[in-house]
Amino acid sequence: MEQRFYYSIASGSSGNCGLYVAGDTAVLIDLGVSLRRITTALAGLGLTLDRIAGVLITHEHIDHVKGLDMFLKKSSAPIYASRETALALSIKNPASQGRVTVFQAGEDFAVGAIGVHAFETPHDAAQSVGYVLSHEGRRFGFATDLGFVPVDIADRLRGCDTVVLESNHDPHMLQAGPYPYPLKQRVAGPNGHLSNPDCAICAADLVKNGTKTLILAHLSEKNNMPELALQQTKSAVRGLAPCRIIVAPKGHMEAPILLEEGEQCCLFD
Ligand SMILES: [Zn+2]
Ligand SMILES: [Zn+2]
């Protein structure tokens, strides 16, 4: 059996980029920080840019594509995006014209040894998506930047061994926090970001259905705290089934998370 791991290079309001490796295939999910930060993080794992088989873009917001222009200059790896996202990128990042491999949301395709399924997410972008990545029968779900979890997305994520799920904000911190009222409405709205309690509800459903590793991601710097996000989901899944819960830090993780069959599962205290 080949090794699989996930490594969060950046997560949160100021930039998002993740690395999923299955066997010989390495893909990046989003490029929301400078290319220098990405290459430095890869170098820490002994990887270089030419090992990247493809980049899966979730949507065109700057915290997901900040490093795109520089990436296009330094790498010939294919960039994958939904049709509307590719169109939005062609306007915001003209260098991406002709360089993006377009897919229809709902379509299946492959990047190297990894099977990719993209599903549409409710978010105020052109056509944002989440992903389920498959390799040797194991499934890895990725869903950030979504105002809520629609039934069809819950169905998609159910049964994934590992899920990266948004736990963006604490509703009380958001309401009491510094954001102007319209922005508070946007973040809390159905096309905004997933709150800690909504993440916890989804997490409990996932853990009941076999998810062994949950990675809480895209935490707001102003409207959340890692301990709050962790606490809320931990209490929701307590007693259901063994599961490890990890908060993706703002910067890169200390070490990659191994996603192996025999990997020890525990509820972190
Ligand atoms: Zn967004
Ligand atoms: Zn975002």
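Cut-offs used in this document
- Residues numbered from 1 in each chain as written.
- Chains lettered and ligands numbered in written order.
- Predicted model: local features only at pLDDT ≥ 70, side-chain atom pairs only at ≥ 80, totals over all residues.
- Heavy atoms only, no water.
- Phe/Tyr/Trp six-rings, centres within 6.5 Å; stacked < 30°, edge-to-face > 60°.
- Buried < 20%, exposed > 50% of the residue type's maximum accessible area, 1.4 Å probe, protein only.
- Helix = DSSP H or I, 4+ residues; strand = E, 2+ residues; numbered from the N terminus.
- Expected span 1.5 Å × (residues − 1).
- Contact = heavy atoms within 4.5 Å.
- Polar contact = N/O pair within 3.5 Å; in protein donor to acceptor, adjacent residues only side chain to side chain.
- Donors = N, O, S within 2.8 Å, 3.2 Å for Na, K, Ca; no water.
- Tetrahedral: all angles 85-135°; square planar, octahedral: opposite > 155°, others 65-115°.
- Axes fitted to C-alpha atoms, helices over the stretch in contact; angles between N-to-C directions.
- Left-handed = near helix turned anticlockwise from the far one by under 90°.
- Nonpolar A, V, L, I, M, F, W, Y, C, P; charged D, E, K, R; others polar.
- Pairing = 2+ DSSP bridges.

Things to note about the packing of aromatic side chains
In total, this model carries five aromatic pairs according to the counting rule given. When the ring of phenylalanine 103 is compared with that of phenylalanine 109, the centres are 5.1 Å apart and the planes differ by 25°; the resulting orientation is stacked. Since its relative accessible area comes to 17%, phenylalanine 109 is described here as buried. Through successive ring pairs, a cluster of aromatic residues spans Tyr80, Phe103, Phe109 and Tyr131.

Focus on helix H8 (residues 196-208)
In an α-helix, one turn spans 3.6 residues; hence positions three or four apart end up facing the same way. Here H8 spans 18 Å end to end across 13 residues, near enough to the 18 Å set by a 1.5 Å rise per residue. Within H8, burial applies to Asn196, Cys199, Ala200, Cys202, Ala203, Ala204, Leu206 and Val207. Along its buried surface, H8 packs onto helix H5 (151-157), strand E11 (162-166), strand E12 (213-217) and helix H9 (226-237). For H8, the capping residue at the N-terminal end is serine 195, with a side-chain oxygen 3.2 Å from the backbone nitrogen of aspartate 198. One or two positions beyond H8, positive phi appears at glycine 210, with a value near 105°.

A few points about the coordination of the zinc ion (ligand 1)
Note on the zinc ion (ligand 1): its protein donors are His59 (NE2), His61 (ND1), His123 (NE2) and Asp145 (OD). The metal-donor distances range over 2.1 to 2.6 Å. One can describe the site at the zinc ion (ligand 1) as irregular: its four donor atoms subtend angles covering 90 to 173° at the metal.

Some remarks on the packing of H8 against H9
The contact between H8 and H9 brings their axes to 8 Å, and the two run at 35°. H9 is crossed by H8, and the crossing has right-handed handedness. Two secondary-structure elements touch here, H8 through Asn196, Pro197, Cys199, Ala200, Ala203, Ala204 and Val207 and H9 through Leu228, Ala229, Gln232, Thr233, Ala236 and Val237. Tallied by class, the residues present in the contact of H8 with H9 amount to 10 nonpolar, three polar and no charged.

Comments concerning the pairing of strand E9 (residues 129-135)
Most of E9 is tucked away: six of the seven residues are buried. When strand E8 (residues 114-120) meets E9, the two strands line up antiparallel, connected through six bridges. For alanine 118, the partnering residue across the bridge sits in E9 and is tyrosine 131. As paired strands, E9 and strand E10 (residues 138-143) are joined by five bridges and run antiparallel to one another. Residue pairing across strands places leucine 133 opposite phenylalanine 140, the latter belonging to E10. Count of turn residues in the E9/E10 antiparallel hairpin: two residues, of which glutamate 136 carries a positive phi of about 50°.

Some details on the coordination of the zinc ion (ligand 2)
Only Asp63 (OD), His64 (NE2), Asp145 (OD) and His218 (NE2) from the protein reach the zinc ion (ligand 2) as donors, at distances of 2.1 to 2.2 Å. Because the angles between the four donor atoms bound to the zinc ion (ligand 2) fall within 91 to 167°, the donor set is best described as irregular. When the donor residues of the zinc ion (ligand 2) are listed from N- to C-terminus, their spacing reads D-H-x80-D-x72-H. Here the zinc ion (ligand 2) and the zinc ion (ligand 1) are spaced 3.4 Å apart, with aspartate 145 acting as a shared donor.

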